[in-house]
Every structure is written in structure tokens, then in C-alpha cells.
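# Architecture and fold: a report
The lines below spell out each chain.
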Amino acid sequence: MDIFTLSLWIITIIWFVVSIIKDKNKTTNSIKMSSGLMRNIIGEIIGILFLIGLLLTLIPPDIIKQYLGGANVLLSTIIGAFVGSITLIPAFVAFPLVGSLVNAGASITPVVAFLTTLTMVGIVTFPLERREFGLKFALTRNLLSFGFAVIIALLMGVII
Amino acid sequence: MSTVIKKIKNNMFLTFVIFIYVFLLIFMPDKGIKSFNNSLYYVKEMLTIMPVILLLTSLIEAWVPKKTIENALGEGSGAKGFIFSFLLGSFSAGPIYAAFPVCKMLIKKGASLANIIIILSAWAVIKIPMLANEAKFLGPNFMALRWILTTISIILMAIITSKIVKKEDIPMKDISNKEDDVLSVDENFCIGCGLCTNVAPEHFIMQNKKAKMSTMILKTEESDKIKFAIDKCPAKAIKYI
């Protein structure tokens with residue numbers, strides 16, 4: 001286990017013990033709630049993890065490098081942002097997927113665009129958002145999020 | 001038999017992946033085994049981080065005083081409002097659509113639109129347990145840099161949006177307070193966490209990963225348990241209509 005994960009474990013376990021001592025009921029209730037959330041996406045998590053193995057085995061690293069690490073950064077970034085906008089997978093499982101692509105030679109920029117729009121822009125959830133907040137709000141928020149996702153991605157590509 | 005079909009229907013994606021594996025193991029067994037071994041590394045990594053993220057999410061849910069935060073988001077709440085909005089979004093559980101009813105409720109309570117944009121965006125991208133997962137698979141530097149850039153972007157977006165969109169543009173018709181209103185769970189927003197079925201199993205049941213009312217409850221019949229469930233629902237999906 002790396003130092004980051006280890007320290008997260010230590011902090012969380014200390015907090016957990018304090019929490020149990022202070023209010024056992026409250027603690028178990030919220031654990032039940034988040035396990036419920038987790039149970040709903042566990043199928044997708046397992047699916048993605050095993051899809052990663054398939055991708056790494058069946059798609060040669062050269063192809064990944066060519067398409068996601070290639071010369072035309074702006075185009076691949078906009079495509080990344082667009083794919084993120086229409087995809088509906090929990091961000092939780094997107095990180096290992098994206099991590100495996102980066103390890104296989106994909107460049108950072110399109111990957112960041114994908115990660116950011118995946119969670120912030122929602123074409124699938126757009127009708128819901130419009131119903132609750134009106135067209136003007138939903139459109140403004142989603143367009144701005146898309147634009148900023150591309151900017152964040154390009155900046156990260158330059159810095160890292 | 002029907003439960004098997006239901007399981008498959010609920011897990012289409014997983015079924016699809018299993019199907020590819022079966023196909024590979026029959027026609028190209030060496031590739032199938034190699035894929036499986038490649039995946040095992042990621043499964044192992046996931047297992048070291050998933051329980052701690054689950055625990056962390058629960059602890060945040062239990063101890064972060066959301067009510068105090070929610071009451072400090074009005075117009076003219078300034079930098080303090082911005083920071084509180086960031087905290088509220090970062091410490092919440094569930095996908096972004098679960099934030100819609102929560103934010104709608106906050107608008108009704110008087111929160112400014114700039115703060116609402118911050119909550120929605122922070123809820124989407126910078127949740128604390130997600131940051132842990134990101135650092136795990138992409139490295140702490142990657143996570144920290146993306147966090148900084150995203151935070152700056154969110155503030156800019158909040159300022160721009162509050163110049164373009166006004167409160168009058170937000171539909172506000174579903175406020176209802178009659179005595180014969182019936183309690184119901186909005187399926188669009190329910191994230192299926194099962195909290196209400198734990199708190200009041202006599203009134204709520206789970207069906208296809210969504211909570212439903214099993215009995216009819218009028219506003220006048222509200223009990224403490226139901227009140228608690230409405231209050232604690234992380235998506236604010238339980239309401240009278």
C-alpha cells in the first residue's frame with residue numbers, strides 16, 4: 001500500500017473509532033446509507049475493472065499512443081470532453097480506467113477533459129436539470145462547464 | 001428464473017463484459033487469461049481504497065453540519081458563502097443529479113445563484129472521497145493540480161452565470177403546502193441508498209434500485225420517522241405532491 005492510501009486509512013479509522021464512541025447509532029445509520037449507494041454501482045465497478053484488462057490486452061499500446069497521445073491535442077481534447085459529456089459512468093470507476101490509459105501512453109490533456117466533463121456536464125441528465133432550474137440556467141451551466149473543462153485540460157497538459 | 005433476468009437487466013454492462021470474457025476463453029484462451037491477469041492488478045488496487053472511501057463517505061455524512069452550512073448561502077453572503085458552498089458540495093454523497101433537488105430547496109431558502117453553481121459543480125467534480133480515488137490511480141500531483149484549476153474555474157463560472165441567469169428564470173411552481181398532499185419519492189432523483197427503507201421500513205420499500213412508498217401517507221399523518229427520512233434523504237427526493 002502506498003503512503004497516500006495508508007495515511008487515508010489511518011485518519012479514517014481514527015475518525016471512525018471516535019465516531020463510534022460518540023454516537024454509535026448515527027455512525028451505523030450513515031454506513032448503511034453509503035453501503036446502499038455502493039451496492040448500486042458495484043456491478044459497474046467490477047465491469048469496468050475487467051474491461052481495463054481487456055483494453056490493455058486487446059488494444060496494442062501503439063494504437064492508444066497514436067490516438068490519445070497524438071499530435072492533434074486540441075482535437076483529441078474536444079473529443080475527450082464530448083465523450084465525457086455523453087457518458088454516464090460513476091466518476092469512481094473512471095479513475096482506474098483513465099489511469100490505465102495514461103499508463104499505456106495516452107496524453108494527459110484529452111484524459112483530463114474527459115474526467116472533468118464526465119462529472120460536470122450531463123447531456124443525459126439535461127432534461128432533469130432543465131425541469132428543475134429552467135432552460136437558461138441548465139444551458140449556461142453546461143456550456144460553461146464544457147468550455148472550462150477544455151481550458152483546464154489544456155492548462156494541465158502544459159503544466160504536467 | 002425471473003430474479004436472474006432482473007439481475008442481468010440491472011447489470012447490463014457487467015453482463016456484456018462477462019460475455020466478452022466467455023467468448024475470449026473459448027476462442028482465444030491465452031488472451032482471455034492475460035486480460036484477466038491484467039485486470040487483477042486494478043481489482044487489488046480498488047480493494048485497498050474502496051472500503052476506506054465508503055467509510056469516509058459515511059463519516060462525512062454523519063458529522064458534517066450541513067444545516068449550519070445551508071443557512072449561510074443567501075444573496076450577499078460573499079466569500080463566506082462561496083467557501084460554505086464549496087464545503088457543502090465537496091462533502092455530499094451521490095451523483096450530480098442528486099444535487100438538483102437539494103439545490104432547488106436551497107434556492108427556495110434564499111441561496112444565491114452563484115452559490116448554487118458552486119454547490120452543483122463542487123458536488124460533481126471535487127468530492128473529497130473521489131479526490132482520494134483520483135490520487136490513488138493518477139497520482140497526488142495530478143489530483144492536486146486538477147483540484148486547483150477546477151476550483152478557480154468553478155468560481156469564474158459562478159460569477160459569469162450569476163450575470164447571465166436571474167432568479168426569475170428559475171421555475172418555482174412546485175411549492176405545495178396543502179393538508180391533503182400525498183408523500184411520494186421522486187424516482188428521477190432517488191439514488192437508491194436505502195436510508196428511508198432503513199429508517200421507516202413500514203412505509204418505504206426498494207424496487208429496481210429505487211425507493212417507493214408502500215403505504216399512502218398524507219401530510220397530516222406525518223410521523224417522526226417519516227420526518228427523519230424526508231430530512232435525511234441525501235437527494236431530497238421524498239416530498240409531498
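The model shown is predicted, which means the values in this text are computed figures rather than measured ones. (Residues numbered from 1 in each chain as written. Chains lettered and ligands numbered in written order. Predicted model: local features only at pLDDT ≥ 70, side-chain atom pairs only at ≥ 80, totals over all residues.)

## Points about the overall build of chain A
From N to C terminus, chain A includes eight helices and zero strands. Listing the helices and strands of chain A from first to last along the sequence gives α-α-α-α-α-α-α-α. Relative to the globule expectation of 15 Å for 160 residues, the C-alpha radius of gyration of chain A, 19 Å, shows a markedly less compact shape. C-alpha atoms of chain A, sized along the principal axes, occupy 55 × 45 × 30 Å. Taken across its 160 residues, chain A has 46% of its residues classed as buried. (Helix = DSSP H or I, 4+ residues; strand = E, 2+ residues; numbered from the N terminus. Rg over C-alpha atoms; globule rule 2.2 N^0.38 Å. Buried ≥ 20, exposed ≤ 12 C-beta atoms within 10 Å, placed from the backbone.)

## Section: the domain arrangement of chain A
All names here are of chain A. For chain A, the domain assignment lists domain 1 (1-58) and domain 2 (60-160). Of note, the centres of domain 1 and domain 2, computed from C-alpha atoms alone, are 25 Å apart. Across the contact, eight residues belong to domain 1 and eight residues belong to domain 2. A breakdown of the residues in the side of domain 1 that touches domain 2 according to their chemical character gives seven nonpolar, no polar and one charged. (Domains from an automatic or database assignment. Contact = placed C-beta atoms within 7 Å. Nonpolar A, V, L, I, M, F, W, Y, C, P; charged D, E, K, R; others polar.)

## As for the packing of helix α1 (residues 3-22) of chain A against helix α3 (residues 29-63) of chain B
Between α1(A) and α3(B), the shortest axis-to-axis distance is 10 Å and the interhelical angle comes to 40°. As the angle between them shows, α1(A) and α3(B) are arranged oblique. Where α1(A) crosses over α3(B), the handedness of that crossing is left-handed. In contact with Thr5(A), Leu8(A), Trp9(A), Thr12(A), Trp15(A), Phe16(A) and Ser19(A) of α1(A), α3(B) contributes Thr48(B), Ile49(B), Val52(B), Leu55(B), Leu56(B), Leu59(B), Ala62(B) and Trp63(B). In terms of residue class, the contact of α1(A) with α3(B) is made up of eleven nonpolar, four polar and no charged. (Axes fitted to C-alpha atoms, helices over the stretch in contact; angles between N-to-C directions. Parallel < 35°, antiparallel > 145°, perpendicular 65-115°, else oblique. Left-handed = near helix turned anticlockwise from the far one by under 90°.)

## With respect to the packing of helix α5 (residues 91-103) of chain A against helix α6 (residues 108-120) of chain A
Residues and elements named next belong to chain A. Contact geometry for α5 and α6: axes closest at 11 Å, N-to-C directions at 175°. Judged by the angle between their axes, α5 and α6 are roughly antiparallel. Contacts from Ala91, Ala94, Val98, Leu101 and Val102 of α5 reach α6 at Ile108, Val111, Phe114, Leu115, Leu118 and Thr119. Looking at the contact of α5 with α6, its residues break down into ten nonpolar, one polar and no charged.

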